[in-house]
Amino acid sequence: MGTILTPQVGFFLLLLCSSIAEAEYVKYKDPKVPVNLRVKDLLSRMTLDEKIGQMVQIERKVASADIMKNYFIGSVLSGGGSVPGPKASAEAWVNMVNEFQKGALSTRLGIPYIYGIDAVHGHNNAYNATIFPHNVGLGVTRDPELVKRIGAATALEVRATGIPYSFAPCIAVCRDPRWGRCYESYSEDHGIVQMMTEIIPGLQGDVPADYPKGFPYVAGKRNVAGCAKHFVGDGGTQRGINENNTVISLKGLLDIHMPAYLDSIKKGVATVMVSYSSWNGVKMHADRNLVTGFLKNKLKFRGFVISDWEGIDRITSPPHANYTYSVLAGVQAGIDMVMVPNNYQEFINDLKSLVASNVIPMRRIDDAVRRILRVKFIMGLFENPMADLSLVNQLGSQEHRELAREAVRKSLVLLKNGKSAHKPLIPLPKKAPKILVAGSHADNLGYQCGGWTIEWQGVTGNDQTRGTTILTAVKNTVDPSTQVVFNENPDPNFVKSGGFSYAIVVVGERPYAETFGDSNNLTITEPGPSTIKNVCGAVRCVVVVISGRPVVIQPYLATIDALVAAWLPGTEGQGVADPLFGDYRFTGKLARTWFKSVDQLPMNVGDPHYDPLFPFGFGLTTNSTKGY
């Protein structure tokens, strides 16, 4: 016998079903709801512990699914060289990123975390990735469209490994090549640096015409959140000492070091990283006037501000001497996400205590979390928190390698071509009985990529990643009948008796990053100078310099027939051979002043004492056999 429902019971069940449906509807999870309302709804549901968790970025080595869940961690990063395993595949990266995400999504509110990495010249931590020229070379091209394409290719390779956030671009204006990070800067001229911010829409996608100013923008799953760094004045420190003091007037700071931030914000940059350096004695990580007053309030930046690695620790000297004070000073300055990256429990406890005692107001915490959530919502992280394998074939793709090769040849600067203008050496003849290739950097992929490649400080040799050395490029380019002899550091007798038509000498600096690259002498690494003397004293030679900045070259210039600045070209060494042998023209113009001696430094274009070996904007051109 069937059950008969009275009208009253039926109406009650209808109400019950309706209320259950309403209870299940969560506004912040609805992608149709405007971002600001989603942020507001989610923020209203969060406890202090959940809010503080969003402000924490930890290193992958200390992360696990349980830690993500138990501490509500908002972000994880790879430091330089921090990888899932040696020569890890794209699949291994994706699996690691997703494992952490499962922990984040299992929390009460299911807020996805964001994984960040330094992809500063391609996806440089990943094995088999395309390594593009470092910024010092890209500035030479003065080609924003090229840099935009590099940004888009880099975004695809980063996404191929499941990562949605890159700590790039560095928009420092390096004013002294003694600085160990000078190769991360596009130029000593802020105008070129501003031009190169076109990498941001490459990484993130083009901001729509009617998009609100100052708001972060990330187009979708084929793009990544970018990071303009290091705010501000990192390239202007005294004597080029890393993390040192930038002594300059407010007008100087705004005229030289600030302009590229305005361009970056207009282009929707998602995040800004604070500099280790100080401005007139005040640590940037503690400078509320610049971080909150200028960046957030005056420039109306609406993305989130992130610290550098242990950046708040270094507010005190020695670092970490008074961590509670560092937490207070950094968060109150306006830093939203702190790259802790290891002692996350200490940071969480200190910040929680400072809020509980009303030393840091809840509105400051809410501002930080609001900005972090805004970026996560805008980039679609709530709708697509899990990475997949759909882009794995983008890592080190042939298309990207061809783009890198194009960037290499456009970044080369021909500084000398023949001991007289009537007898140019370049383009080199492809057909010759026998040629010599020499130098420590001729057959060393690690050296030609520089720092921030596979490891933080870079690597040596040819087995750390995939690419083409300059020696291999030469062999690929010359006529099959031409005998190519390689001798890394030949003695003069070997060269004189070798019967060589000409020689290519490839020398320069060994890889370095950050403070390890600070240098007061800026010399070519031994035995480079002796290789130049031994070879160029006996046979017509072209010297190719692999370096992150101008180096001392004047003492050897008279013996050199042709000189090429190749900077740090990356994995695609074929781009060096392209114009050497005339398949393409030399077109690059110096974006940095090449000094005569280090005693002149700092010396930048426009200075009263400007007396360079090769001035800013200098670069010889050649004709190509193919008309390119």
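The model shown is predicted, which means the values in this text are computed figures rather than measured ones.

Rules used throughout
Residues numbered from 1 in each chain as written. Predicted model: local features only at pLDDT ≥ 70, side-chain atom pairs only at ≥ 80, totals over all residues. Heavy atoms only, no water. Pairing = 2+ DSSP bridges. Helix = DSSP H or I, 4+ residues; strand = E, 2+ residues; numbered from the N terminus. Domains from an automatic or database assignment. Contact = heavy atoms within 4.5 Å. Buried area = accessible area lost by both parts, 1.4 Å probe. Salt bridge = Lys/Arg side-chain N within 4 Å of Asp/Glu carboxyl O. Polar contact = N/O pair within 3.5 Å; in protein donor to acceptor, adjacent residues only side chain to side chain. Nonpolar A, V, L, I, M, F, W, Y, C, P; charged D, E, K, R; others polar. Buried < 20%, exposed > 50% of the residue type's maximum accessible area, 1.4 Å probe, protein only. Right-handed = clockwise from strand over helix to strand, strands pointing away. Disulfide = S-S within 2.5 Å. UniProt positions renumbered as here; feature names shortened; annotations may be inferred. 1 Å grid on protein atoms, 1.4 Å probe; cavity = no way out; pocket = protein on both sides within 12 Å on 5 of 7 lines; lining within 4 Å. Points joined across faces, edges and corners; volume = space filled by probe spheres on them.

Visitor: Explain the sheet that holds strand β3 (residues 114-117) here, please?
Guide: Pairing between sheet strands relies on hydrogen bonds along the backbone, with the strands arranged either parallel or antiparallel. Read from one edge to the other, the open sheet built from five strands follows the order β4-β3-β2-β1-β11, with strand pairing classed as parallel. Edge positions in the open sheet fall to β4 (165-166) and β11 (338-339), since each of these has one partner strand only. Strand direction decides the pairing type here: strand β1 (residues 56-59) and strand β2 (residues 75-78), joined by three bridges, are parallel. Within β2, the residue paired with Glu59 across the bridge is Leu77.

Visitor: Honestly, unusual backbone geometry in this entry has me stumped. Any pointers?
Guide: The bulk of non-glycine residues show a negative phi, and the bulk of peptide bonds are trans. Cis rather than trans, the peptide bond between Ala168 and Pro169 has omega equal to 10°. Take Pro169: it is sitting in the loop between β4 and α8 (190-196). The linkage connecting Glu526 with the following residue, Pro527, adopts the cis geometry, with an omega of 5°. You can see Pro527 is positioned in the loop between β15 (503-508) and α20 (528-536).

Visitor: In this structure, what is going on with the domain arrangement of the chain? I would like to understand it.
Guide: By a widely used convention, the size of an interface equals the accessible area lost when the partners come together. Here the chain is partitioned into domain 1 (35-394) and domain 2 (412-614). Taken over C-alpha atoms, the centre of domain 1 sits 35 Å from the centre of domain 2. Listed per partner, the contact involves 42 residues of domain 1 and 43 residues of domain 2. Buried area between domain 1 and domain 2, both sides added, is near 3400 Å², and the carbon and sulfur share of it is 50%. Viewed at the interface, domain 2 and domain 1 are joined by two salt bridges. For the salt bridge of Arg181 with Glu514, the shortest nitrogen-to-oxygen distance reads 3.6 Å. At the junction of domain 1 with domain 2, the criterion picks out 28 residue pairs in polar contact (both at pLDDT 80 or more). Of the residues forming the side of domain 1 that touches domain 2, the biggest block, four residues, is contributed by helix α6 (residues 135-141). For the side of domain 1 that touches domain 2, the residue count by class is 18 nonpolar, 14 polar and 10 charged.

Visitor: Explain the pairing of β3 here, please?
Guide: Successive side chains on a regular strand alternate, one facing one side of the sheet and the next facing the other. The alternating pattern of β3 places Ile114 and Gly116 on one face and Tyr115 and Ile117 on the opposite face, and all of these are buried. Note on the crossover from β2 through helix α5 (residues 90-105) to β3: the handedness is right-handed. The pairing of β3 with β4 spans two bridges and is classified as parallel. For Ile117, the partnering residue across the bridge sits in β4 and is Ser166.

Visitor: Before we go on, may I ask you to explain the state of the cysteines in this structure?
Guide: Between two cysteines, a covalent bond joining their sulfur atoms is known as a disulfide. Tallied over the entire structure, the rule returns two disulfides. Between Cys174 and Cys182 runs a disulfide, and the two sulfur atoms are separated by 2.1 Å. Disulfide Cys174-Cys182: the torsion about the S-S bond is -105°, which places it as left-handed. As far as the burial class goes, Cys174 and Cys182 line up, both buried. Each sulfur of the disulfide joining Cys536 and Cys541 lies 2.0 Å from the other. Its torsion about the S-S bond being 105°, the disulfide of Cys536 and Cys541 is classed as right-handed. Regarding the disulfides, the chain carries the connectivity 1-2, 3-4 under sequence-order numbering of its bonded cysteines. Among the cysteines around Cys170, which has no disulfide bond, Cys174 carries the closest sulfur, lying 9.3 Å off. Cys170 gets classed as buried once you look at its relative accessible area, which sits at 4%. Considering cysteine sulfurs only, Cys170 is the nearest to Cys227, which forms no disulfide, with 9.8 Å between them. You can call Cys227 buried: its relative accessible area is 0%.

Visitor: Please explain the UniProt feature "domain: Glycoside hydrolase family 3 C-terminal" (unreviewed entry) in the chain as it appears in this structure.
Guide: In the numbering used here, UniProt assigns the feature "domain: Glycoside hydrolase family 3 C-terminal" (unreviewed entry) to residues 412-621. For residues 412-621, the helix share is 16%, the strand share is 16%, and the end-to-end C-alpha distance is 11 Å.

Visitor: Explanation requested: helix α12 (residues 288-298) in the structure shown.
Guide: Turn by turn, an α-helix covers 3.6 residues, leaving residues three or four places apart pointing in a common direction. Among the residues of α12, those classed as buried are Leu290, Val291, Thr292, Phe294, Leu295 and Lys296. For α12, the N-terminal cap is Asp287; the gap from its side-chain oxygen to the backbone nitrogen of Asn289 is 3.2 Å. Where α12 ends, the next residue or the one after it, Lys300, has phi of about 60°, a positive value.

Visitor: So what exactly am I meant to see when it comes to empty space enclosed by the protein here?
Guide: If you walk through the whole model with that rule in mind, you get eight cavities of 30 Å³ or more. What the largest cavity holds in volume is close to 110 Å³. Lining the largest cavity are 16 residues, and of these Ala119, Val120, His121, Asn135 and Ile199 lie nearest its centre. Among the secondary structure elements, those contributing two or more residues to the lining of the largest cavity are α6, α7 (144-160) and α9 (199-204). The residue makeup of the lining of the largest cavity, split by class, is 12 nonpolar, four polar and no charged.

Visitor: Honestly, the environment of Val545 in this entry has me stumped. Any pointers?
Guide: Take Val545: it is sitting in strand β16 (residues 541-546). Sequence spacing of Val545 and Gly528 is 17 residues, and the spatial spacing of their C-alpha atoms is 9.6 Å. Among residues more than four places away in sequence, those in contact with Val545 are Val507, Val551, Ile553, Leu563, Val564, Ala565, Ala566 and Trp567.

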